[in-house]
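Secondary and tertiary structure notes
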Amino acid sequence: MYALVDCNSFYCSCERLFRPDLWKRPVGVLSNNDGCFVSRTKELKALGVKMGEPYFKVRDLCEKNKVAVFSANFSLYTNMSDRVMSTLAQFTPELEIYSVDEAFLNLSGLEHRGPESYGRLIKKMVERHTGIPVSVGIAPTKTLAKIANHLAKKNDSTGGVVYLPDERTQNEALSKVAVEDIWGIGKRNSVKLRMLNIKTAKDFKDYKNDKQIQNIFTKVGRMTQDELRGRVCFKLSLVPSKKKEIISSRTFGQAVYDIKDLREAVANYASLACEKLRHQESVCSMIEVYVRTNPFKEVAQYHASESFKMGAHTADTRKVIKYAWEVLDKLYQHGYEYKKAMVRISGITDKNCGQLSLFEAGDSKESDKLMEVIDKINDKDGPGTLKFAACGVNNLAWKMQQSLKSPRYVSSWSEIPSVN
DNA sequence: TCTGGGGTCCTAGGACCC
DNA sequence: TCTGGGGTCCTAGGACCC
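Structure report, in brief. (Residues numbered from 1 in each chain as written. Chains lettered and ligands numbered in written order. Predicted model: local features only at pLDDT ≥ 70, side-chain atom pairs only at ≥ 80, totals over all residues. Heavy atoms only, no water.)

Re the protein's contact with DNA strand B
The cut-off we apply is this: Put simply, a residue is near a molecule or strand once any heavy atom of it comes within 4 Å of that molecule or strand. Think of a polar contact as two N or O atoms within 3.5 Å of one another; within protein, one of them needs to be a possible hydrogen donor and the other a possible acceptor, and neighboring residues in sequence only count if both atoms come from side chains. Starting at the N terminus, helices and strands are each numbered in turn, a helix being any DSSP run of H or I of at least four residues and a strand any DSSP run of E of at least two. Amino acids are sorted into nonpolar (Ala, Val, Leu, Ile, Met, Phe, Trp, Tyr, Cys and Pro), charged (Asp, Glu, Lys and Arg) and polar (every other residue, Gly among them).
Contacts to DNA strand B come from 23 residues, most closely from Ser-31, Lys-244, Ile-247, Ser-249 and Thr-251. Within 4 Å of the protein, atoms of DNA strand B come from sugar and phosphate in 74% of cases. Between DNA strand B and Ser-249, the relevant distance is 2.5 Å, taken from a phosphate oxygen to a main-chain nitrogen or oxygen of the residue. Measuring from a phosphate oxygen of DNA strand B, one finds a backbone N or O atom of Thr-251 at 2.5 Å. Those elements that provide at least two residues to the surface near DNA strand B are helix H10 (210–228), strand S9 (246–256) and strand S12 (338–346). When residues in the surface near DNA strand B are grouped by element, the largest group, six residues, is from S9. Residue classes in the surface near DNA strand B are distributed as seven nonpolar, eight polar and eight charged.

Below, the structure written as structure tokens:
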């Protein structure tokens with residue numbers, strides 16, 4: 001048996017933790033630049049605010065209904081996520097942290113505890129230890145556990161826990177779930193499924209022509225179908241695998257025109273990506289840069305990307321910035337309103353396993369040492385304490401807007417709440 | 001005025017090898 | 001009239017996830 005534990009409206013729940021006055025009020029959290037809603041409480045959903053809805057479109061509605069709206073505060077969310085996950089780890093030897101707010105638990109060997117009551121215990125303990133409300137779905141495959149979790153979230157009468165032990169309960173559940181709500185079936189594929197007259201998860205499970213499913217939906221679609229039938233295709237992945245590519249991108253707070261500003265932004269994103277790269281003890285050999293104007297605005301549009309393959313692997317921020325700038329220089333066209341830039345590094349392998357080059361030197365010992373010192377200082381004294389001059393200083397034109405950000409209650413000494 | 005960020009996997013097709 | 005067989009690697013594009 002697998003349990004899927006999923007935090008309810010995770011970012012919003014984090015915001016509510018230190019604000020008891022918000023416990024009954026609708027709460028929403030916005031994407032970067034206070035752009036779109038990325039997390040909503042049930043009260044906000046009930047007001048008709050959709051996932052991904054641009055804030056400016058529903059601002060009046062929010063004000064009228066006293067919605068508490070926040071800028072994203074990721075240091076708070078990742079910190080709370082760690083606490084939730086370490087609580088969950090106490091309930092199973094096999095835990096897969098699937099995302100910031102979700103984890104799969106292997107309950108094999110714990111049958112004597114009674115899966116459903118064990119699920120209720122997990123829910124209670126997470127809520128007691130962290131204050132974050134969760135839903136629990138339990139079933140023999142991950143896909144079925146997802147279904148169970150979906151139903152637990154949707155129906156208050158379940159008390160937030162749904163257990164699907166056998167074919168009878170599974171069939172009953174599957175017939176209540178629309179195809180688009182199956183894990184792994186997205187927008188495109190659900191349209192195709194509906195054309196085959198497959199409307200519910202139960203219809204999909206029962207659809208007999210496996211070959212056809214394989215042809216239309218590839219191997220993954222077939223595996224999903226098998227999982228609905230109770231055959232395990234997706235196992236837990238217990239060790240978090242290293243990233244094969246690392247992307248760093250932001251929409252700018254204001255449009256920028258000058259290549260100097262773009263260079264600063266790109267240098268910052270390259271630095272961020274390299275920090276993540278070194279954190280997982282890897283090196284990269286490919287750098288891609290992408291820039292674009294604002295597609296929502298009626299101005300001259302432009303977007304372009306290009307990549308550069310290095311002769312030798314590196315984890316040295318200086319090199320990556322240098323090459324990223326060379327690529328940027330090629331892409332840059334004067335006269336456009338740029339609104340976003342991206343840096344992607346790939347060709348990632350383990351440090352010390354990078355292919356050497358006859359013609360280009362790899363990272364020197366001095367380079368490794370320098371990066372190590374920079375990372376250590378930033379780790380200790382906060383991100384950006386030490387940075388490259390290429391990244392610019394203060395009042396950056398492209399800096400993002402985050403006017404509604406809550407304090408870093410649990411990750412900054414100066415922002416810890418005080419109790420009177 | 002104002003619209004996010006970061007990933008993975010699969011497949012087909014092209015280019016190449018003997 | 002008639003033109004082999006077997007493979008690998010890479011990339012772009014599409015689909016999905018949170």
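Quick look at the environment of Gly-221
Selection rule: Any two residues whose heavy atoms approach within 4.5 Å at even a single point are treated as in contact.
Relative to the helices and strands, Gly-221 resides in helix H10. The sequence separation of Gly-221 and Phe-10 amounts to 211 residues, and the corresponding C-alpha distance is 29 Å. For Gly-221, the residues in contact, after removing those within four places along its chain, are Phe-204 and Ile-213.

Focus on the sheet that holds strand S4 (residues 68–71)
Condition: The pairing criterion for strands is at least two bridges between them, as found by DSSP. What counts as an axis is a line fitted to C-alpha atoms, over the stretch in contact for a helix, and the angles between N-to-C directions run from 0 to 180 degrees.
Pairing in this open sheet of three strands is mixed, and the strands run S3-S2-S4 from one edge to the other. This sheet does not close on itself; its edge strands, each paired only once, are strand S3 (37–40) and S4. Neighbour-to-neighbour, the strand axes of this sheet turn through a mean angle of 25°, independent of strand direction. In this sheet, S3 lies alongside strand S2 (residues 27–30) in antiparallel orientation, the contact comprising three bridges. Considered in S3, the bridge of Val-29 is made with Ser-39. Taken strand by strand, helix H1 (residues 10–17) contacts S2, S3 and S4, and its axis lies near 115° from that of S2.

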